[in-house]
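This is what each chain is made of:
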Number of protein chains: 2
Amino acid sequence: MQASGAVPGWPRTRGSFAEDPPCPPGANGPGEREGASTAPPRDLGGGSFPGAEPRPRAGQGGSMLSRVRSAVAHLVSSGGAPPPGPKSPDLTNATSALPTVPPEVPRSPSARTGSGSAVPPKTAEARASFSRPTFLQLSPGGLRRADDHAGRAVQSPPDTGRRLPWSTGYAEVINAGKSRHNEDQACCEVVYVEGRRSVSGVPREPSRSQGLCFYYWGLFDGHAGGGAAEMASRLLHFHIREQLKDLVEILQDPSPPPLCLPSTPGAPGSSDPSHLVGPQSCWSSQKEVTHESLVVGAIENAFHLMDEQMARERRGHHVEGGCCALVVVYLLGKVYVANAGDSRAIIVRNGEIIPMSREFTPETERQRLQQLGFLKPELLGGEFTHLEFPRRVQPKELGQRMLYRDQNMTGWAYKKIELEDLRFPLVCGEGKKARVMATIGVTRGLGDHNLKVCSSTLPIKPFLSCFPEVRVYDLTQYEHCPDDVLVLGTDGLWDVTSDSEVAATVDRVLSGYEPNDPSRYTALAQALVLGARGTPRDRGWRLPNNKLGSGDDISVFIIPLGGPGSYS
Amino acid sequence: MQASGAVPGWPRTRGSFAEDPPCPPGANGPGEREGASTAPPRDLGGGSFPGAEPRPRAGQGGSMLSRVRSAVAHLVSSGGAPPPGPKSPDLTNATSALPTVPPEVPRSPSARTGSGSAVPPKTAEARASFSRPTFLQLSPGGLRRADDHAGRAVQSPPDTGRRLPWSTGYAEVINAGKSRHNEDQACCEVVYVEGRRSVSGVPREPSRSQGLCFYYWGLFDGHAGGGAAEMASRLLHFHIREQLKDLVEILQDPSPPPLCLPSTPGAPGSSDPSHLVGPQSCWSSQKEVTHESLVVGAIENAFHLMDEQMARERRGHHVEGGCCALVVVYLLGKVYVANAGDSRAIIVRNGEIIPMSREFTPETERQRLQQLGFLKPELLGGEFTHLEFPRRVQPKELGQRMLYRDQNMTGWAYKKIELEDLRFPLVCGEGKKARVMATIGVTRGLGDHNLKVCSSTLPIKPFLSCFPEVRVYDLTQYEHCPDDVLVLGTDGLWDVTSDSEVAATVDRVLSGYEPNDPSRYTALAQALVLGARGTPRDRGWRLPNNKLGSGDDISVFIIPLGGPGSYS
């Protein structure tokens, strides 16, 4: 990898974290992206939408105390939110492991009695530092409204001034009291990548020295604190840029990528891959590597380096918790969708649904987790078993035979219960209640380096992977109409909305607007968020069918794949 | 698990292996299946097709010497076989690791010069023990013809007497010289499962004491010797029967399976799952386990126990090599397709293709293998790297940057080459030439317990998994016509035939027969085998389009899903 120092750093002091703009004073021009403290990008696409200024923030930063309180607020807020899909450490099963709740934490009477909407405590202390995406252009008053769990006003970029690239639509809403602030974050950027000088050793042709531009959208769903999601939303695209720098020339050269590059850029002739294939090669042929797979590898490694940066800087900057990350990169005609967590992306094209991601949960990744626990039993600390049982084994059942699954099985079989089967299972629960080590409900994402199993010192992290699955969609292979969109949503949307319901809403909303009306995509995003949130009624947020709406944070991007917000 | 002693054993002495019937004299009645040395099944479906007698055999059994010779025969036979898809240890990359070829092993001149069909040596010594499926009812002369690499006559059950269950079609042909004998094996059985007495503790109702019957088809593609494939073809269904014994009552009871069974069969009341759910249960609810998933678990564990039996008995009985296993179980209205290796099953239904398996190769399982090598580096013995490179790294490239992938990546990225990257990669090569540790081309199957990395003592086995992937097809959910079939084939078929070509042949052949003509399915199997083998022409076996046919063993089952060979 290249020196990660080239990626803008997280602000260096706690004070600046909460109050200062993230970039050194004077380092950023007016058109520059937030956080870009080094190597200012050229103004390609720069300033194409408002929001390059530092994010609006309020209050003081989080702490372990506030993290505990946030979890407590979640516990005490029963008000109408559906059975919350907590991805944060599961307190319902492990309250005994929590420090005693400080007596000064106020509890919401309405929440405790279960009547009315859930309003968590909002003391001055409780208003810890929080921020919303800069492209929302929130005033201090708007920021307060966005942070209001009772009103749950839907937020979108203003319909004035410059739009998001591609006329992207966006809407979000805060949770119903699950956590103190909205722990979702979002980012939408146009990023210029200047190539490293003559990576391949061949003197550049003038036409190739232009660098590359990629479009970028990211949704980050935080848990156990908002720090990781905010850090990722501000920095991940720079990690991607950094990984792409070596590829600028290669991606613009139609010939196959060189398999090997010289150690010293500029050494002549090394870009010719053929001379590197000696007759002593062990394979009869070399593997073909596509340009596309280089971009996939760049995104994968960017996630890894982002995660490593969080590990390095978490102590100094209180990067609490972790986050799911769903990211879209558009580069050279192709859309790359990278997902780590339980957000989801689908394309709706001519009414047809094309899944562009899958969710990573203790259920979908059970066998990977069990395999890791089986091969590295020390990670289970003698407290957990890598076997899965359909319910907790009781001590009195020793010697009886119970259904189980191991890392190799998808079916179930009976086994005689032995003493070590009484340990808590590595993976347990179902659906939104599934957990790894009784603690966390997602299995991929960024951060979580501090996360420990409740009432123990066992780290969870080895079971959580920071690597995304990347799917590629070639935009040039299909003629897209203005109603074809890529929908990104955090689980707040998908917990209560099916793919086909989203597709129906796409059709219904977009058909109410002229095809060339650029506001139609934000209207669609708002309709989806509203449809998932519902309206306050009968002690909760309810959908028209009277089912509970989502009490989670909900964030939605609508990326048009053709039409007026056309892309170069 | 239950005592595996209830599964018929492999013959106990070397002598009987080659010459004796596999069952103790007098132990088997006329209607009994081969190898069923204990617990004779009731005659449900027994004798429904001929072939219950011991398989026809010839010559002497294999040895390490014959194994090496077999590999050599493979090497010297270039005659027209397509680039062979050797799943046996790869000698092309590692001939130095082989013992010196004994000078007395004759080589086929025609094979060496590449003219004519490949005929491996057939000295008396070379005619090692081999057998073909009993249902082929081969006479000694027929057995010789079936073993003739030059003629490559297609073998099918005779069109007289009783048919295979469901009027199943079958055809096979020996390879073009790749190994001394046909290393594919096949099995088709109706198996009766007598339940263990009152497993759930509830006294049986009379209607439930009937036991269960399952239909069974298996294809076993051996490598590095025929022993494992033959053993699996004779015993795997008994392991499945053994695993199902506990489930006989449960599967016939429409209520959900009990999660826990008493240790002592007969303890009253224990079959009631509700009393086992204590209020102290850690989960709010118990996981629902379906009958279907119990059958899947039974098949998975049967594969595992079969593999363990091979490990135990390999020394005494010269169970050379390993085998891919593709198995179909029909039970209570559902078809279970279990695959471990690179054979393939597809359903052709009304012209539509439904894949019922996927292949397990170093390419498709790269990340699982790399993850194992990464977590357990001792398995690589300091000789291999878990990283993948698109070609072998050269010592002179130290310090340069080369493309690589690790266990977390699907894309490629550049890394600086360090000393340990010069080790041989755990996974290398492409397509049929892909290998694990330069040795084996499949990553799942049975056996291979003796297999070592060439020129080392490193065992391959930990990287090879014996667990199948099981897919389920509910036969009751669709009205099937006589032209709807499940096609099973070893890679000899699929290497040169696409799914859609198979579907076209299904349509072409079956439409030439009356729907109620039971011989149409064997005619279809023969057509597929002939179409993959081709005809001898221009120094090899060639297809009508002049491409090379498959030089591998080819075996095909055609299982009708509706029509005259109806099932109960």
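Residues numbered from 1 in each chain as written. Chains lettered and ligands numbered in written order. Predicted model: local features only at pLDDT ≥ 70, side-chain atom pairs only at ≥ 80, totals over all residues. Heavy atoms only, no water.

### Concerning the overall build of chain A
Assigned secondary structure in chain A consists of 11 helices and 22 strands. A total of 568 residues make up chain A; the buried ones form 60% of that total. The contacts of chain A with a sequence gap of at least 6 include a subset with a gap of at least 24, amounting to 73%. Total accessible area computed for chain A in this model is approximately 21,000 Å², and 53% of it derives from carbon and sulfur atoms. (Helix = DSSP H or I, 4+ residues; strand = E, 2+ residues; numbered from the N terminus. Buried < 20%, exposed > 50% of the residue type's maximum accessible area, 1.4 Å probe, protein only. Contact = heavy atoms within 4.5 Å. Areas by Shrake-Rupley, 256 points an atom, 1.4 Å probe, with all protein chains shown as cover.)

### Concerning the pairing of strand β12 (residues 401-404) of chain A
Burial along β12 of chain A is two-sided: Arg401 and Leu403 of chain A facing one way and Met402 and Tyr404 of chain A facing the other are all buried. Relative to strand β13 (residues 413-416) of chain A, β12 of chain A is paired through four bridges, and the arrangement is antiparallel. Of the residues in β13 of chain A, the one forming a bridge with Arg401 of chain A is Lys416 of chain A. Across two bridges, β12 of chain A lies against strand β6 (residues 260-261) of chain B in antiparallel orientation. Considered in β6 of chain B, the bridge of Met402 of chain A is made with Cys260 of chain B. (Pairing = 2+ DSSP bridges.)

### Digging into the relation of the copies chain A and chain B
Each of the two chain copies can be brought onto the other by rotation about an axis and movement along it. Laying chain A over chain B is done by rotating through 180 degrees and shifting 0.0 Å along the axis; what remains is an RMSD of 0.0 Å. The operation mapping one copy onto its partner corresponds to a two-fold rotation axis. The position closest to the rotation axis in chain A is occupied by the C-alpha of Leu375 of chain A, lying 3.6 Å away. Mapped onto chain B, 100% of the interface residues of chain A are again interface residues, and the two copies thus contact each other with one and the same surface. (Least-squares fit on C-alpha atoms with pLDDT ≥ 70 in both.)

### Some words on the interface of chain A and chain B
If you look at the interface, chain A gives 65 residues, while chain B gives 65 residues. In total, chain A and chain B occlude about 5,800 Å² of area from one another, counting both sides; carbon and sulfur atoms represent 55% of this. Across the salt bridge formed by Lys287 of chain B and Glu388 of chain A, the nearest N and O atoms sit 2.7 Å from each other. At the boundary of chain A and chain B, one finds 24 residue pairs in polar contact (both at pLDDT 80 or more). The set of elements that each furnish at least two residues to the side of chain A that touches chain B consists of β6 (260-261), α7 (291-317), α8 (366-375), β12, β13 and β14 (424-425) of chain A. Looking at which element gives the most residues to the side of chain A that touches chain B, the answer is α7 of chain A, with seven residues. (Buried area = accessible area lost by both parts, 1.4 Å probe. Salt bridge = Lys/Arg side-chain N within 4 Å of Asp/Glu carboxyl O. Polar contact = N/O pair within 3.5 Å; in protein donor to acceptor, adjacent residues only side chain to side chain.)

### Re the sheet that holds strand β9 (residues 344-349) of chain A
Two orientations exist for strands paired in a sheet by backbone hydrogen bonds: parallel and antiparallel. All names here are of chain A. The strand order β3-β22-β19-β9-β10 describes an open sheet built from five strands, whose pairing is antiparallel. Each having just a single partner strand, β3 (169-173) and β10 (352-355) make up the two edges of the open sheet. Adjacent strand axes in the sheet meet at a mean angle of 20 degrees when their direction is disregarded. Two elements, β9 and strand β19 (residues 485-489), share five bridges in a ladder whose sense is antiparallel. Counterpart to Ala345 in the pairing with β19 is Leu488. (Axes fitted to C-alpha atoms, helices over the stretch in contact; angles between N-to-C directions.)

### Some remarks on the packing of helix α5 (residues 227-244) of chain A against α7 of chain A
Helix-helix packing is described using two parameters, namely the angle between the two axes and the distance between the axes. Residues and elements named next belong to chain A. Contact geometry of α5 with α7 gives a least axis separation of 8 Å together with a crossing angle of 130 degrees. If you check the angle between α5 and α7, you find them oblique. Between α5 and α7 the crossing geometry is right-handed. Across the interface between the two elements, Ala228, Met231, Ala232, Leu235, Leu236, His239, Ile240, Gln243 and Leu244 of α5 pack against Ala298, Asn301, Ala302, Phe303, Leu305, Met306, Gln309, Met310 and Glu313 of α7. Residues of the contact of α5 with α7, tallied by class, amount to 13 nonpolar, four polar and one charged. (Parallel < 35°, antiparallel > 145°, perpendicular 65-115°, else oblique. Left-handed = near helix turned anticlockwise from the far one by under 90°. Nonpolar A, V, L, I, M, F, W, Y, C, P; charged D, E, K, R; others polar.)

### Side note on the environment of Gln477 of chain A
When you line up the elements, Gln477 of chain A lands in the loop between β18 (469-474) and β19. Expressed as a C-alpha distance, the spacing of Gln477 of chain A and Gly333 of chain A, which sit 144 residues apart in the sequence, is 9.3 Å.

### Focus: unusual backbone geometry
Unusually for a residue other than glycine, Arg152 of chain A sits at a positive phi of about 50 degrees. Mapped onto the elements, Arg152 of chain A comes out in the loop between α4 (140-146) and β3. Non-glycine residue Asp538 of chain B carries a positive phi angle of around 50 degrees. Mapped onto the elements of the fold, Asp538 of chain B is located in the loop between β20 (535-536) and β21 (541-542).

### So, the sheet that holds strand β13 (residues 413-416) of chain B
In space, the three strands of this open sheet follow the order β6(A)-β12(B)-β13(B), with antiparallel pairing throughout. Only two strands of the sheet have a single partner each, and these edge strands are β6 of chain A together with β13 of chain B.

### Quick look at the side chain of Arg435 of chain A
Topologically, Arg435 of chain A is positioned in strand β16 (residues 435-436). There is a polar contact of 3.2 Å between the side chain of Arg435 of chain A and the backbone oxygen of Lys432 of chain A.

### Brief notes about the state of the cysteines
Inspection of every chain in the model, using the stated rule, returns zero disulfides over all chains. Left unpaired, Cys213 of chain B is separated from the closest cysteine sulfur, that of Cys188 of chain B, by 12 Å. (Disulfide = S-S within 2.5 Å.)

### Brief notes about the pattern of salt bridges
Side-chain pairs of opposite charge can arise whenever the charged atoms involved come near each other. Residue and element names in this part refer to chain A. The final tally for this structure, using the stated rule, is 52 salt bridges over all chains. Two residues, Arg234 and Glu230, come together in a salt bridge whose shortest N-O distance is 3.7 Å. Of this pair, Arg234 and Glu230 are both found in helix α5, four residues apart, which corresponds to roughly one turn of the helix. Comparing Arg234 with Glu230 shows no difference in burial state: the two are buried.

### Remarks on helix α11 (residues 520-533) of chain A
All names here are of chain A. With 14 residues, α11 should reach 20 Å at 1.5 Å per residue; the first-to-last C-alpha distance of 20 Å fits that figure. Extensive coverage of α11 is indicated by the burial of 10 of its 14 residues. Turning to α11, its buried residues are Arg520, Tyr521, Thr522, Ala523, Leu524, Ala525, Leu528, Val529, Ala532 and Arg533. Positive phi shows up at Gly534, right after α11, with a value of about 80 degrees. (Expected span 1.5 Å × (residues − 1).)

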